[in-house]
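# Residue-level structural notes
Residues per chain are reported as follows:
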Amino acid sequence: MVKMTDLNVIERPNWCPGCANFGILIALKGAIVELNIEPENIAMISGIGCSGKLPHWIRTYGLHGIHGRALPVATAIKLSNNGLAVFTVGGDGDGYGIGMCHFIHTMRRNIDMTYIVHNNMIYGLTTGQTSPTSEKGVRTKSTPSGVIEVPVNPIALAISAGATFVARSFGGDVKHLQKTILAAVRHRGLSFIDVLQPCVSFNFINTYDWYKQRIYDIQDAGHDKADKIKALIKSQEWGEHIPIGIFYEVLSPTYEDELPQIKDTPLVKQPIDNIDISGLMDDFT
């Protein structure tokens, strides 16, 4: 059985004290333990940002990639070895800004892996600039007169793009987040979780207390996660009441199901000793 200590590394996270990234890391570890996935069967991929350091502090295979490109790397890893449990972690700037194109295409492909976004509504690593999810009117270093654009709605985007599992949780509620990650990994297909993550150093509006006064669990409220239209309607709710939980879930063939080459054996375990690539190599020499 996998234990929490099996996932520990020697180094300690250097996130700011009080950062909700700690809660996300604990919930992720707890979910892996509950799912009993051996660390050698996990690949943890990240982009750039405070969230990007997470693979450094959990003992699994991992890759800290470049800004906004974590999802295509994770896709390649999953298709190379579809026996792995593949997690991608990133921030709102990473995933909803420079990585938006990859976000939409990954949602529609339905590859069997999990994407967790640490959504703190600010660029924290670069000390507090406007991000794609910063609310209209918010003043930051990069928008001293207030944000003009309407913020990205990742829940609505994911559902519209064709994602088969779309959820939101809160970094200040480890129990809820761990439960949501469990459901995401057990889902067969692409699972996406937008995590509301208070940034204690640069976002003084969307704080722990601000969220605690507003969030509620849509499963407790009787939301039907199989109803796509109701999920889209629920995705528009923001302000005095903020829903968390599973907005939408449907079973659909995965991207891997359409690839007969990996139906029985992962690509990395297929024999290559009878394959001659000398002709191909000659073409490039």
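Residues numbered from 1 in each chain as written. Predicted model: local features only at pLDDT ≥ 70, side-chain atom pairs only at ≥ 80, totals over all residues. Heavy atoms only, no water.

## Quick look at a nonpolar patch on the surface
Residues I272, I275, I277, L280, M281 and F284 make up a contiguous nonpolar surface patch of about 690 Å² in total accessible area. Mapped onto the secondary structure, L280 falls in helix α9 (residues 278-283). (Patch = residues over 30% accessible without salt bridge, like charges linked within 9 Å, V, L, I, M, F, W, Y side chains within 5 Å. Areas by Shrake-Rupley, 256 points an atom, 1.4 Å probe, with all protein chains shown as cover. Salt bridge = Lys/Arg side-chain N within 4 Å of Asp/Glu carboxyl O. Helix = DSSP H or I, 4+ residues; strand = E, 2+ residues; numbered from the N terminus.)

## Observations regarding the pairing of strand β1 (residues 42-46)
Of all the 5 residues making up β1, 5 are buried; the element is thus mostly covered by neighbouring parts of the structure. Of the two faces of β1, the one carrying I42, M44 and S46 and the one carrying A43 and I45 are both buried. By the bridge criterion, 5 bridges tie β1 to strand β3 (residues 85-91) in an arrangement that is parallel. Note on β3: the bridge partner recorded for A43 is V86. As defined by bridge partners, β1 adjoins strand β2 (residues 61-64) across 4 bridges and the pair is classed as parallel. Note that in β2 the partner of S46 across the bridge is H64. (Buried < 20%, exposed > 50% of the residue type's maximum accessible area, 1.4 Å probe, protein only. Pairing = 2+ DSSP bridges.)

## Examining the packing of helix α5 (residues 154-161) against helix α8 (residues 228-235)
α8 packs onto α5 with a crossing angle of 155° between their chain directions and a minimal axis gap of 8 Å. In terms of orientation, α5 lies roughly antiparallel with respect to α8. Two packed elements cross with a definite hand, and for α5 against α8 that hand is left-handed. Here I155, A156, I159 and S160 of α5 come into contact with α8, specifically with K228, A231, L232 and S235. Split by residue class, the contact of α5 with α8 holds 5 nonpolar, 2 polar and 1 charged. (Axes fitted to C-alpha atoms, helices over the stretch in contact; angles between N-to-C directions. Parallel < 35°, antiparallel > 145°, perpendicular 65-115°, else oblique. Left-handed = near helix turned anticlockwise from the far one by under 90°. Contact = heavy atoms within 4.5 Å. Nonpolar A, V, L, I, M, F, W, Y, C, P; charged D, E, K, R; others polar.)

## Things to note about helix α1 (residues 21-35)
The end-to-end C-alpha distance of α1 is 21 Å, a good match for the 21 Å that 15 residues give at a rise of 1.5 Å each. α1 sits mainly inside the fold: 11 of its 15 residues count as buried. Taken as a whole, α1 has its buried residues at N21, G23, I24, L25, A27, L28, K29, G30, A31, I32 and V33. Where α1 is buried, its residues touch β1, β3, β4 (114-119), α6 (174-186) and β6 (191-196). At the C-terminal side of α1, N36 shows a positive phi close to 55°. (Expected span 1.5 Å × (residues − 1).)

## Here we look at the pairing of β3
Burial runs high along β3: 7 of the 7 residues are buried. Covered by surrounding structure in β3 are A85, F87, V89 and G91 together with V86, T88 and G90, the residues of both alternating faces. The pairing of β3 with β4 spans 5 bridges and is classified as parallel. Note that in β4 the partner of F87 across the bridge is T114.

## Thoughts on the sheet that holds β3
Taken in spatial order, the 8 strands of this open sheet run β2-β1-β3-β4-β6-β5-β8-β7, and their pairing is mixed. Bordering the open sheet on either side are β2 and β7 (215-217), each of which pairs with just one other strand. If you compare each strand with its neighbour and ignore which way they point, the axes differ by 20° on average. The sheet contacts of α1 involve β1, β3, β4 and β6, and relative to β4 the element is tilted by about 160°.

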